[in-house]
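So you can see what is in the structure, the chains are spelled out below.
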Amino acid sequence: MKILRTIRTALQALQRNPMRAMLTTLGIVIGVGAVIAMMEIGKGSSSAVQKSIASMGANTILILPGTAASGGISFGAGSVMNLTPMDYEAIVRECPSVRSAAPVVRARTQVVYGNRNWVPSSISGTTPSLLDVRDWTNLAEGEAFSDRDVLNANKVCMLGQSLVRELFQGESPVGKEIRIKNVSFRVVGVLTAKGANMMGSDQDDILLAPWTTIKYRVTGSPLASTNQSSSSETSSTVNSLSQLYPGGKMSLYPVQSVTQAADSPMPVRFTNIDQIMAAAVSTEEIPAAIKQITEVLRERHRIRGDEADDFNVRDMTEMTKTLSATTALMTNLLLSVALISLVVGGVGIMNIMLVSVTERTREIGLRMAVGARARDILRQFLVESVVLCLVGGGVGILLGHGGSKLVEWLLHWPVENSPTAIAAAVIVSAGVGIIFGYYPAWRASRLDPIEALRYE
Amino acid sequence: MDLIELKDIYKTYHIGDMDVPVLKGVSLRIAKGELIALMGSSGSGKSTLMNILGCLDRPTSGEYWLNQREVGQLSADERALLRNRTMGFVFQSFNLLPRASALENVSMPLSYATGNISDREARKRAVEILTRVGLKERIDHEPSQLSGGQQQRVAIARALINRPPVLFADEPTGNLDSHTSGEVLKMFQQLNQEDGITIILVTHDPLVAKHARRVIRICDGLILGDSESSCEQPGEKTGEQTARVGDLSESAPGGA
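Positions within a chain are numbered from 1, following the residues in the order the chain's sequence is written. Ligands are numbered from 1 and chains lettered from A, in the order in which they are written. The model is predicted, so local features are restricted to residues of pLDDT at least 70 and side-chain atom pairs to those at 80 or more, both for listing and for counting; the totals for chains, interfaces and linings are taken over all residues. The basis for every side-chain value is the complete set of heavy atoms in the structure, and neither hydrogens nor water enter the calculation.

We now examine the pairing of strand β10 (residues 222–228) of chain B. Residues and elements named next belong to chain B. As defined by bridge partners, strand β9 (residues 214–219) adjoins β10 across 6 bridges and the pair is classed as antiparallel. Paired with R217 across the strands is G225, a residue of β10. Taking the residues that link successive antiparallel strands as the turn, the β9-β10 hairpin has 2 residues, and the phi of D220 there is positive, at about 55°. Two strands form a pair only when DSSP identifies at least two bridges running between them. Helix and strand definitions follow DSSP, with helices as H or I runs of at least four residues and strands as E runs of at least two, each counted in order from the N terminus.

Below, the structure is given as structure tokens:
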């Protein structure tokens, strides 16, 4: 009740000099507007930067099979073939911190188109989800192969830019047939350029195909004879026509017979994959994702409590660190810019309020004469400056938001809405009003009514 | 019963190391319902006396009894409350809020009143009082749209909004021509007679003082004379006062 009246009195007082009120608020309007615009644009660029760092693979988690050792001789990471497509499916299904995952089957062999040939640094058999894992979903041309292609082991592939350059020389590769180890693949898509990775190896020198196709048709482990010992890249099996065009219906995993299921408590590993790539939901979720993956795989691989893992999980620590350092830097930069502009706005408010107090000395004297106590005067001027700041803050929010939208529209900069910035702007502008309005208000309340009434 | 009683009031200002005595032992009794003119030349201490009477200032020593209550040494906040409840002020330069309507000006003191007065009630009272001072048609006018006399009447209405028993007027006609001065003074007389409001006019103009029933003359911080007078029959003393004022080279404007 009382405060409502004070607010109304303040509004009336401000109305009496709208020009000055407007100019006073301008400082806060610009301050808050700048903060909001900076926050929104800054947050947009910050997440764009984070995204591009993330697209380098910062959120990627690599799952490799464990180490084989024989007679004291270790064969290094990935020498055991114990990762299965089912492991990959389980990770996708059971790990909430994993955004997506893809199995990878590697091959290294010659790719031929017409009279040209090339050995890409990596031929990966995978699923379409790999594109998501590696933030590579934008294709330069064509489209990605589908999950159906994976199920059917269709002979389709996507090419990286380097490979396209080497084989096609300016021709569009989409729809063309290339041959890998005498198996003919139709090119369905071309990946966008990704450049070299942090270690300097060309990431565009790549061929992606359904893993089933690479596994069963290229690296030459026909389903009929699938077992771990015979599935190797160096297999010298010759692809016969019947393998190129299998007449019979193919199933990915041979169905276990009832006897088999009853006999072996361990699931029979019918086929292996070389690695699984997974992407965490966000950088912060990486440790959680690693923990979940480890749990799922230990359970699937029947590893008891104190036994060592038979697989390796790796994340990109270096990149993750860069990512969080960048984020922190951006946030601090924005915060300091915001603080400076708000302090400038606040000083403006204080300046004008002091002028206002001097100018309205007689009004203050009069109010005191008719019974206003020092605290009434203090409150009135404080409320005035807070109202000014809040109105300025409101206008500033609209202006800043509009400004950032304009920047997005005209310059196509990435912009992100920031409700936190808006909430902070409201709180801070009220705070600025109180802090910078207090001194002038206090000065007003300390006036002597007699002097004030006589002031000319 | 005396409304106001001053007992041996001293007021000394300290300017630098110097003590400047302004009031040197003023004793005074004012009964309820009086219309008093407080006369004196500039520098005589009449403004200081009014400030003390109006509880805007505290005496250095002495007692000030208002309504059987010693109010001389109250704190600033207590005095503010007292001013709000029991006193109205009218100033020479009107002191209206610029760019606020007459109504807003008049109801302004209500926002500092302790009792909870609803907006409707406040408006009703302000309109009532503005009607009383003859400004019913001008409640939405701003001071810049009003003549001097009208502005002073708005100021009087503002002084009356809290229904105070005492009204202080500090040179209320100082900025007005003789015709409007007469109107304003007549209004004071009317308020005094009809409502029984005690009115204290501070002035240096004997023509203004003529309208009061009692004239207290003050000179050099002391009460020089306290006389009953009336507007109907200006006695010899009034003439003396004029002479005195003339001696102090304070010619009365518009006096003829």
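In this section: the pattern of salt bridges. The term salt bridge refers to a side-chain nitrogen of Lys or Arg lying within 4 Å of a carboxyl oxygen of Asp or Glu. Tallied over the entire structure, the rule returns 24 salt bridges over all chains. Of the charged contacts, one joins E363 of chain A and R367 of chain A as a salt bridge, the two residues approaching to 2.9 Å between their closest N and O atoms. Here the residue E363 of chain A and the residue R367 of chain A both occupy positions in helix α12 (residues 361–369), the gap between them amounting to 4 residues, near one helical turn. Per-residue accessibility, obtained with a 1.4 Å probe over protein chains only, is compared with the maximum for each type, and a residue is labelled buried under 20%, exposed over 50%, and partly exposed between these values. According to the relative accessible area criterion, E363 of chain A is buried, its value standing at 10%. E63 of chain B serves as the salt-bridge partner of K7 of chain B, at 4.0 Å between the closest nitrogen and oxygen. Here E63 of chain B lies in strand β4 (residues 61–66) and K7 of chain B lies in strand β1 (residues 2–15), a separation of 56 residues in the sequence. The class of K7 of chain B is partly exposed, set by a relative accessible area of 37%. By relative accessible area, which is 33% here, E63 of chain B ends up partly exposed. Each of the salt bridges in this network shares a partner with another, and the network as a whole consists of R360, E363, R367 and E384 of chain A.

Before going further, it helps to examine the confidence of the model for chain A. Residues and elements named next belong to chain A. pLDDT gives the predictor's per-residue confidence on a scale running from 0 to 100. Residues with a pLDDT of 70 or more make up 88% of chain A, whose mean pLDDT is 81. Of all helices and strands in chain A, the one with the weakest mean pLDDT is helix α8 (residues 241–244) (50), whereas strand β9 (residues 156–159) scores best (93). Across residues 222–242, confidence stays below pLDDT 50; counting only partners more than four residues off in sequence or on other chains, it has 31 contacts. By definition in these notes, contact holds between two residues if any of their heavy atoms fall within 4.5 Å.

Let's shift gears to the interface of chain B and chain A. Between chain B and chain A, the contact holds 27 residues from the first and 25 residues from the second. Reported buried area values correspond to the accessible surface (1.4 Å probe) lost by two parts on association, with both partners' losses combined. With both chains or domains summed, chain B and chain A bury close to 2400 Å², and 52% of this area falls on carbon and sulfur atoms. Remark: the boundary between chain B and chain A carries 2 salt bridges. With its nearest N and O atoms 3.4 Å apart, the salt bridge here joins R375 of chain A to D77 of chain B. The definition of a polar contact used here is a pair of N or O atoms within 3.5 Å, where within protein one atom must be able to donate a hydrogen and the other to accept one, and adjacent residues in sequence count solely through side-chain atom pairs. Here chain B is connected to chain A by 9 residue pairs in polar contact (both at pLDDT 80 or more).

Whenever strands of a sheet pair, they do so through backbone hydrogen bonds, lying parallel or antiparallel. Residue and element names in this part refer to chain B. What the 6 strands build is an open sheet, ordered β6-β7-β8-β3-β9-β10; its pairing is mixed. One side of each edge strand has no neighbouring strand; the edge strands of this open sheet are β6 (87–90) and β10. When the angles between neighbouring strand axes are averaged without regard to direction, this sheet yields 20°. Relative to strand β8 (residues 198–203), strand β7 (residues 166–170) is paired through 5 bridges, and the arrangement is parallel. In the strand pairing of β8, V166 is matched with T198. Along the sheet face, helix α5 (residues 148–160) touches β6 and β7 and points at about 165° away from the line of β6. All axes here are fitted lines through C-alpha atoms, helices being fitted over the stretch that makes contact, and every angle between N-to-C directions spans 0 to 180 degrees.

The first and last C-alpha atoms of α5 of chain B sit 18 Å apart over 13 residues, in line with the 18 Å expected at 1.5 Å per residue. For α5 of chain B, the tally of buried residues reaches 12 of 13 residues, placing the bulk of the element in the interior. By the burial criterion, the buried members of α5 of chain B are G149, Q150, Q151, Q152, R153, V154, A155, I156, A157, R158, A159 and L160 of chain B. Packed against the buried residues of α5 of chain B are α12 of chain A together with β6, α3 (102–107), α4 (119–132), β7 and α6 (178–195) of chain B. In this scheme, a helix's expected span is set at 1.5 Å multiplied by one less than its residue total.

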